[in-house]
Amino acid sequence: MGVTKEQVESTLKSKLNPSHLEVVDTSGGCGASFAIEIVSEQFEGKRLLERHRLVNAALEEEMKEIHALSIKKSVTPAQWKQQLESQQSTSAA
């Protein structure tokens, strides 16, 4: 059996201490493909590529069994708050 959603969540929580984390197993349950949305203070001052490298490095062991990792969002808490406020004002209009 491959990596579980819970393993990915546990590893990212312990290594990147996210304030928001959403992990979706997009492989149909075999653990080969995941989509991730993560908000972490550790992304402050880092470019998108650097943020993705942090996520990949945190999942170094899991990546040996994961075939596809889609990082949908990797933002700072301030960027996350801004995105949520933007969505709320758009839906309220």
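Preceding block: the structure.
This one's a predicted model, so the numbers in the text were calculated from it and none came from an experiment.

A.B. asks: Could you give an account of the sheet that holds strand S1 (residues 20–25), naming the residues involved and the relevant values?
C.D. replies: The sheet built from 3 strands is open, its strands ordered S1-S2-S3 with mixed pairing. Taken across any chain shown, the strands that pair with only one partner, and hence form the sheet edges, are S1 and strand S3 (68–75). Within this sheet the neighbouring strands show an average axis-to-axis angle of 10°, counted without direction. Two elements, S1 and strand S2 (residues 33–39), share 6 bridges in a ladder whose sense is antiparallel. Within S2, the position partnered with glutamate 22 by the bridge is glutamate 37. In this fold helix H2 (residues 48–58) packs onto S2 and S3, with an angle of close to 125° to the strand it touches most, S3.

A.B. asks: Which residues make up the pattern of salt bridges, and what are the values?
C.D. replies: Tallied over the full model, the rule gives 3 salt bridges. Across the pair glutamate 61 and lysine 64 runs a salt bridge, and its minimum N-O distance is 3.0 Å. This pair shows no difference in class: glutamate 61 is exposed, exactly as lysine 64 is. Across the pair lysine 81 and glutamate 85 runs a salt bridge, and its minimum N-O distance is 3.8 Å. In this pair, lysine 81 and glutamate 85 both sit in helix H3 (residues 77–92), 4 residues apart, roughly one turn of the helix. The class for lysine 81 is exposed, based on a relative accessible area of 53%. On the accessibility criterion, glutamate 85 (42% relative accessible area) is partly exposed.

Definitions and cut-offs
- Counting of residues starts from 1 at the beginning of each chain's written sequence and follows it residue by residue.
- The model is predicted, so local features are restricted to residues of pLDDT at least 70 and side-chain atom pairs to those at 80 or more, both for listing and for counting; the totals for chains, interfaces and linings are taken over all residues.
- Computation of side-chain values covers all heavy atoms of the structure but excludes hydrogens and water.
- Following DSSP output, two strands are said to pair if at least two bridges run between them.
- Helix numbering and strand numbering both begin at the N terminus, where a helix is a DSSP run of H or I of at least 4 residues and a strand a DSSP run of E of at least 2.
- For helices, the fitted line uses only the C-alpha atoms of the stretch in contact; every axis is such a line through C-alpha atoms, and the angle between N-to-C directions lies from 0 to 180 degrees.
- Residue contacts are defined here by distance: any two heavy atoms, one from each residue, within 4.5 Å place the two residues in contact.
- Salt bridge criterion: a side-chain nitrogen from Lys or Arg within 4 Å of a carboxyl oxygen from Asp or Glu.
- Type-normalised accessible area, obtained with a 1.4 Å probe on protein chains alone, sets the label of each residue: buried when under 20%, exposed when over 50%, and partly exposed for intermediate values.

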